[in-house]
Each structure stands twice: as structure tokens, then as C-alpha cells.
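A structural walkthrough
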Amino acid sequence: MSRHAKKLRDQDINPCLAETDATTKCMNDNNYNKDMCTDYFLKYKNCRKFWHGIMMQRKRSGVKPEMPSAEERKKILESMGKPY
């Protein structure tokens with residue numbers, strides 16, 4: 001597995017790993033018919049948008065690292081409910 005592929009599979013780097021996996025599974029199960037997986041694409045897009053907003057907010061505030069760790073993200077989601 002390439003270094004880039006490993007980064008994408010790292011839960012601390014990719015906050016939308018579950019959504020990525022669900023989308024890929026849907027595409028595999030439906031013979032790559034995108035129309036069948038619209039809900040999964042939307043959930044992934046909303047996940048990315050949500051965490052990008054969090055990352056930009058942290059960046060503006062000077063918080064490092066800009067992307068919260070997987071453990072921090074879990075706490076954020078528990079406190080907010082799943083916003084996407």
C-alpha cells in the first residue's frame with residue numbers, strides 16, 4: 001500500500017473514513033451505478049464539509065493540529081449528535 005493510500009486509511013487523518021467505506025461498498029454492491037448510491041455520496045460530502053469547517057475554525061484560532069484527532073472528533077460528535 002502506498003504512503004498516500006495509508007494516509008487515506010488513517011482515522012486520525014481522514015475524518016470521513018466510515019462514509020468513504022460505505023460509499024465504496026455501495027458502489028461495489030450496485031455495479032458502480034452512481035444513481036443507487038446518491039445518499040452515500042451526500043453523507044460523504046456533508047461529512048467533508050463539516051470537518052473542513054471545523055478545521056478552518058481551528059486554523060483561524062491557531063489551534064494545532066488543525067484537524068482534531070479521531071478521539072477528539074468522537075467527543076465532538078457525541079456532544080453535537082451526528083450533524084451530517
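In what follows, the structure referred to is the one given above.
Summary of the structure given here. A quick note: this is a predicted structure, and the numbers were derived from the prediction, not measured.

Re unusual backbone geometry
The amide bond that connects K64 to the next residue, P65, takes the cis arrangement and shows omega of -10°. Following the sequence through the fold, P65 ends up in the loop between α3 (38-61) and α4 (70-80). One non-glycine residue, N31, adopts positive backbone phi at about 55°. Note on placement: N31 falls in the loop between α2 (17-29) and α3.

Let's talk about the packing of α2 against α3
Between two packed helices, the angle of one axis relative to the other and the distance separating the axes together describe the packing. At a minimum axis distance of 9 Å, the contact between α2 and α3 shows a crossing angle of 160°. On the basis of the axis angle, α2 is roughly antiparallel to α3. The two elements α2 and α3 cross, and the hand of that crossing is left-handed. When α2 is examined against α3, the residues E19, T20, A22, T23, C26 and M27 are found in contact with a partner set consisting of Y40, F41, K43, Y44 and C47. Within the contact of α2 with α3, the residues separate by chemical class into seven nonpolar, two polar and two charged.

Points about α2
Spanning 13 residues, α2 covers 18 Å between terminal C-alpha atoms, matching the ideal 18 Å at 1.5 Å per step. All of the buried residues in α2 are L17, E19, T23, C26 and M27. Buried positions along α2 lie against α1 (3-9) and α3.

About the cut-offs
- Every residue gets a number counted from 1 within its own chain, in the order that chain's sequence is written.
- Restriction of local features to residues with pLDDT of at least 70 applies here, the model being predicted, together with a cutoff of 80 or more for giving and counting side-chain atom pairs; totals for whole chains, interfaces and linings are based on all residues.
- Side-chain measures were taken over the full set of non-hydrogen atoms in the model, leaving aside hydrogen atoms and water.
- A run of DSSP states H or I qualifies as a helix once it reaches four residues; a run of E qualifies as a strand once it reaches two. Both are numbered from the N-terminal end.
- Fitted lines through C-alpha atoms give the axes, limited to the stretch in contact for helices. The angle between two N-to-C directions lies from 0 to 180 degrees.
- Oblique is the label for any angle not under 35 degrees, not over 145, and not in the 65 to 115 range, which are roughly parallel, roughly antiparallel and roughly perpendicular in turn.
- Crossings are assigned a handedness: left-handed for a near helix turned anticlockwise from the far helix by less than a right angle, right-handed for a clockwise turn.
- The contact criterion used throughout is that any non-hydrogen atoms of two residues lie within 4.5 Å.
- Basically, the charged four are Asp, Glu, Lys and Arg, the nonpolar ten are Ala, Val, Leu, Ile, Met, Phe, Trp, Tyr, Cys and Pro, and anything else, Gly included, counts as polar.
- Expected span of a helix, by definition, is 1.5 Å for each gap between consecutive residues, and there is one gap fewer than residues.
- Partly exposed describes any residue whose relative accessible area lies between the buried limit of under 20% and the exposed limit of over 50%, with all areas from a 1.4 Å probe on protein chains only and scaled to the type maximum.

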